[in-house]
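Observations on the model geometry
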Amino acid sequence: WDNADFSRGIGTTFYQEFPTLNTAKPPFVRDVEAKVRRYLRSSYSAAWTLKITWEKAPAYAARTDTRRTVTYQAILTTDGFRSYVLILYQEGGMQWDYTRLAATNVLIGYT
């Protein structure tokens, strides 16, 4: 989640909340649950999930290059006791020129 720069009116950020405690779960939430179960080999039933999407986000400073954008998502989910985050990048979607970023220690993901 580097310094995306939406100041030039290019790209957008949006979110969708899925409160699912004691309610029917939409396919998206069932997919998130399946990923958590598969990757962590544990049972998991989401009580709440939040999907945040950064679409066609230009890198900071947008004035230098608005053609190279990136689309990515963060999915936050919890069962009320354990919480997880999934970070998803569009395949082939990392278009930022990392050689032009202010930071030189660029990573995809988190540590």
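You'll find the structure just up there.
Thresholds, definitions, all that
Residues numbered from 1 in each chain as written. Predicted model: local features only at pLDDT ≥ 70, side-chain atom pairs only at ≥ 80, totals over all residues. Heavy atoms only, no water. Helix = DSSP H or I, 4+ residues; strand = E, 2+ residues; numbered from the N terminus. Buried < 20%, exposed > 50% of the residue type's maximum accessible area, 1.4 Å probe, protein only. Contact = heavy atoms within 4.5 Å. Pairing = 2+ DSSP bridges. Axes fitted to C-alpha atoms, helices over the stretch in contact; angles between N-to-C directions. Phe/Tyr/Trp six-rings, centres within 6.5 Å; stacked < 30°, edge-to-face > 60°. Lys NZ or Arg CZ within 6 Å of the ring centre and 35° of its normal. Core = buried A, V, L, I, M, F, W, Y, C linked by side-chain atoms within 4.5 Å. Salt bridge = Lys/Arg side-chain N within 4 Å of Asp/Glu carboxyl O.

1. A look at the overall build of the protein chain
Each helix and strand counted, the protein chain has one helix and four strands in total. Overall, the protein chain shows an N-to-C arrangement of helices and strands of β-α-β-β-β. Counting only residues that meet the buried cut, the protein chain has 34% of its 111 residues in that class. For the protein chain, the share of sequence-separated contacts (at least 6 apart) that also reach a separation of at least 24 residues comes to 61%.

2. Brief notes about the sheet that holds strand β3 (residues 69–78)
One open sheet holds the four strands; their spatial order is β1-β2-β3-β4, and the pairing between them is antiparallel. Two strands lie at the open edges of the sheet, namely β1 (12–19) and β4 (83–89), each paired on one side alone. Direction aside, the axes of adjacent strands within the sheet are offset by 10° on average. In this sheet, β3 lies alongside strand β2 (residues 48–58) in antiparallel orientation, the contact comprising nine bridges. Among the inter-strand pairings, W54 is bridged to a residue of β3, identified as Y72.

3. Here we look at the packing of aromatic side chains
Applying the stated criterion to the full structure yields four aromatic pairs. Among the aromatic residues, those joined into a ring-pair cluster are W54, Y72 and Y89. Positioned above the aromatic ring of F28 is the side chain of K51, whose terminal nitrogen or guanidinium carbon lies 4.5 Å from the ring centre.

4. Let's talk about unusual backbone geometry
Within the chain, R41 stands out as a residue other than glycine whose phi angle is a positive 50°. Here R41 shows up in the loop between α1 (27–40) and β2. What makes R41 exposed here is its relative accessible area of 76%. Positive phi, close to 55°, is recorded for K56, a residue that is not glycine.

5. Concerning the nonpolar core
Counting residues in each nonpolar core, the largest one holds nine residues, listed as L50, I52, W54, A57, A59, V70, Y72, A74 and W96. Among the elements that make up this core, the one with the highest residue count is β2 (four residues). Excluding anything up to four places from it in sequence, I52 contacts T13, F14, Y15, Y72, Q73, A74 and L76. Grouped together as the second largest cluster of nonpolar side chains are six residues, F18, V29, Y44 and Y84 included.

6. Re the pattern of salt bridges
In this structure the tally under the stated criterion is four salt bridges. The salt bridge partner of K25 is E33, with a shortest N-O separation of 2.6 Å. Via salt bridges that share partners, K25, E33 and R37 belong to a single interconnected network.

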